[in-house]
Amino acid sequence: MNYQDTVNWMFQQLPMYQNKGTAAFKKDLTNTLNLAEHLGHPENQFKSIHVGGTNGKGSTSHMLASILQEAGYKVGLYTSPHLKDFRERIRVNGTMMSKAAVIGFIKRNQTFLEANQLSFFEMTVGMAFDYFAKENVDIAIIEVGLGGRLDSTNIITPELSVITNIGYDHMQFLGDTLQKISGEKAGIIKESVPIVIGETHPETQNVFTQKAIDTNSEIYFADQTVGTTLESDLKGSYQTHNIKTVIKAVEVLNSLSFKITDDHLETGLLKVVKNTGLKGRWQILQNEPKIVCDTAHNKEGLHYTMQQLQSEVFQKLHIVFGVVNDKDLESIMPLLPKDAVYYFCKPDVQRGLDAAILKTVFEKNQLVGSSYNSVKEALISTKSNANKDDLIYVGGSTFVVAEVI
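In this report, we go over the structure that sits alongside the text. Owing to the predicted nature of the structure, the values given are computational and were not obtained by experimental measurement.

Scanning the model with the defined rule gives 13 aromatic pairs in all. Each ring, one from Tyr-78 and one from Phe-121, has its centre 6.1 Å from the other, and the planes form 65 degrees; the classification is edge-to-face. With Tyr-78 in strand E2 (residues 75-78) and Phe-121 in helix H6 (residues 120-134), this pair connects stretches of sequence that are 43 residues apart. You can call Phe-121 buried: its relative accessible area is 18%.

Let's shift gears to the nonpolar core. Counting 34 residues, the largest nonpolar core has Met-127 and Phe-132 as its most contacted members. A per-element tally of this core places H6 first, with 10 residues. Excluding anything up to four places from it in sequence, Phe-132 contacts Phe-46, Gly-76, Leu-77, Tyr-78, Ile-90, Arg-91, Val-92, Val-137, Ala-140 and Ile-142. Ranked by size, the runner-up nonpolar core spans 32 residues in total, among them Val-51, Ile-139, Leu-234 and Leu-278.

Turning next to the pattern of salt bridges. Within this structure, the stated rule accounts for 12 salt bridges. Measuring nitrogen to oxygen at the nearest pair gives 2.8 Å for the salt bridge that ties Glu-251 to Lys-248. In this pair, Glu-251 and Lys-248 are both assigned in helix H11 (residues 239-255), three residues apart and thus about one turn of the helix distant. On the accessibility criterion, Lys-248 (5% relative accessible area) is buried. With a shortest N-O distance of 3.6 Å, Lys-388 and Asp-389 are connected by a salt bridge. Residue Asp-389 is classed as partly exposed on the basis of its relative accessible area, which comes to 42%. When salt bridges that share partners are traced, they join Arg-108, Asp-130 and Lys-134 into one network.

Another aspect to go through is helix H17 (residues 375-385). Those residues of H17 that sit buried are Val-375, Ala-378, Leu-379, Ser-381 and Thr-382. Down the axis of H17, the buried side of the element spans an arc of 160 degrees, and every buried residue falls inside it. Relative to its buried face, H17 has exposed residues pointing more than 90 degrees away, namely Lys-376, Ile-380 and Ser-384. Buried positions along H17 lie against strand E11 (317-321), strand E12 (341-344), strand E14 (391-395) and helix H18 (398-402).

An ideal rise of 1.5 Å per residue puts 24 Å on 17 residues; helix H5 (residues 99-115) measures up with 24 Å between its terminal C-alpha atoms. Bending of H5 peaks at approximately 65 degrees at the position of Asn-109. Residues of H5 that are buried: Val-102, Gly-104, Phe-105, Ile-106, Asn-109, Phe-112 and Leu-113. Of the residues one or two after H5, Gln-117 is the one with positive phi, at around 50 degrees.

The next point concerns empty space enclosed by the protein. As enumerated under the stated definition, the model contains one cavity of 30 Å³ or more in all. Forming the walls of the largest cavity are Thr-32, Leu-35, Ala-36, Leu-39, Pro-42, Glu-43, Glu-122, Val-125, Gly-126, Phe-129 and Ile-155. Within the residue set of the lining of the largest cavity, elements represented by two or more residues are helix H3 (30-38) and H6. For the lining of the largest cavity, the element with the most residues is H6, which contributes four residues. Taken together, the residues of the lining of the largest cavity break down into seven nonpolar, two polar and two charged.

Further remarks concern the packing of helix H4 (residues 57-70) against H11. Contact pair H4 / H11: the axes reach a minimum separation of 9 Å and the direction vectors enclose 45 degrees. With respect to H11, the axis of H4 lies oblique. Here the hand of the crossing between H4 and H11 comes out right-handed. For the pair H4 and H11, the contacting residues are Ser-59, Thr-60, Met-63, Leu-64 and Ile-67 in the first and Gln-239, Asn-242, Ile-243, Thr-245, Val-246, Ala-249 and Val-250 in the second. For the contact of H4 with H11, the per-class residue count stands at seven nonpolar, five polar and no charged.

The subject of this paragraph is unusual backbone geometry. Note on backbone geometry: most residues besides glycine have negative phi, and most peptide bonds are trans. Look at the link from Ser-80 to Pro-81: it is a cis peptide, with omega at -5 degrees. Tracing the backbone through its elements, the reader meets Pro-81 in the loop between E2 and strand E3 (90-92). Of note, the bond from Glu-288 into Pro-289 is cis; its omega dihedral lies within 30 degrees of zero at -5 degrees. Its location among the elements puts Pro-289 in the loop between strand E9 (283-286) and strand E10 (290-293).

About the criteria used
Residues numbered from 1 in each chain as written. Predicted model: local features only at pLDDT ≥ 70, side-chain atom pairs only at ≥ 80, totals over all residues. Heavy atoms only, no water. Phe/Tyr/Trp six-rings, centres within 6.5 Å; stacked < 30°, edge-to-face > 60°. Helix = DSSP H or I, 4+ residues; strand = E, 2+ residues; numbered from the N terminus. Buried < 20%, exposed > 50% of the residue type's maximum accessible area, 1.4 Å probe, protein only. Core = buried A, V, L, I, M, F, W, Y, C linked by side-chain atoms within 4.5 Å. Contact = heavy atoms within 4.5 Å. Salt bridge = Lys/Arg side-chain N within 4 Å of Asp/Glu carboxyl O. Arc of directions from axis to C-beta. Expected span 1.5 Å × (residues − 1). Bend = angle between axes of the 7 residues up to and from the residue. 1 Å grid on protein atoms, 1.4 Å probe; cavity = no way out; pocket = protein on both sides within 12 Å on 5 of 7 lines; lining within 4 Å. Points joined across faces, edges and corners; volume = space filled by probe spheres on them. Nonpolar A, V, L, I, M, F, W, Y, C, P; charged D, E, K, R; others polar. Axes fitted to C-alpha atoms, helices over the stretch in contact; angles between N-to-C directions. Parallel < 35°, antiparallel > 145°, perpendicular 65-115°, else oblique. Left-handed = near helix turned anticlockwise from the far one by under 90°.

Structure, rendered in structure tokens:
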């Protein structure tokens, strides 16, 4: 199989949350542990930092990777989902895993993967850990896929765990209260491993504190202890929360004998995109008219991006919007501006919600616009309707953003 054949096999043969949703979620780590054993336990061959949370875990992971690269470490970075190319998920010092390495991993392990019916995410985690071990990385930043306790990444024992924040997302898997969700996220807190919590919530603080007591882990709440912030090339105003989380994480890493100077920290934050290739976070695609895309896709994430939108200067606001079919629309509609013109579209994944359905639901809430057959068609229409002093925002789903960058 060539690279495209290999990736297609991974996508099609096995359940993939990105496409299938609930059907791809497994409440068990047995498969991942079996794969790790089959591969010779690569997860024990490199140091790691585990990053979870509802929002901001991707940005936080990339910031930490950039800073550690500036400090001279060879850094693995595992994130999900990807926007354009599967290999975005697995990087070393910002460089994507080679196509040959992806093909080689599947070729070597295909019989095992098929016999054990591993999910897309399970095999991808195994591939990443195997690659980082073979590359002899000094440290790997491992972003949780979904939840924490039962996530496939949760077979590592990291140097440090980070949980950015807790919000309502993926409730069909993680529970319908913040306490239940935080209980799942807290599953990445390991025995005697320090934990940094980015944002304090009254409903969840005790869950994390109790878990830290149970595991004999030092716990730090970044928003309570970090007074200053720093500039970053990631421009969303919401990044302030992530930056404070990263500042505290670096402080803890230095107490664990890492050597990260203030200069490494400051430069790393300013060169996140250059060092790691991150895209889709308040990314400006063009000016006149200004087009901004952002992967925010739930209540908490959209709260911050909509705040940022209101601080922009524009004549008229156009919003290209699409979602997946398990999205809680009732929680996000109140956040969206009623004076914008909407262009409803369906992201090109199996889970994409039909644009006509989205339009019907939104228009009942005075969010008015037209529906389109594709993201591309919606954006073309938006551009033709917008003047140079208008603003176009593209979002609602990671998968909508993937189609415009």
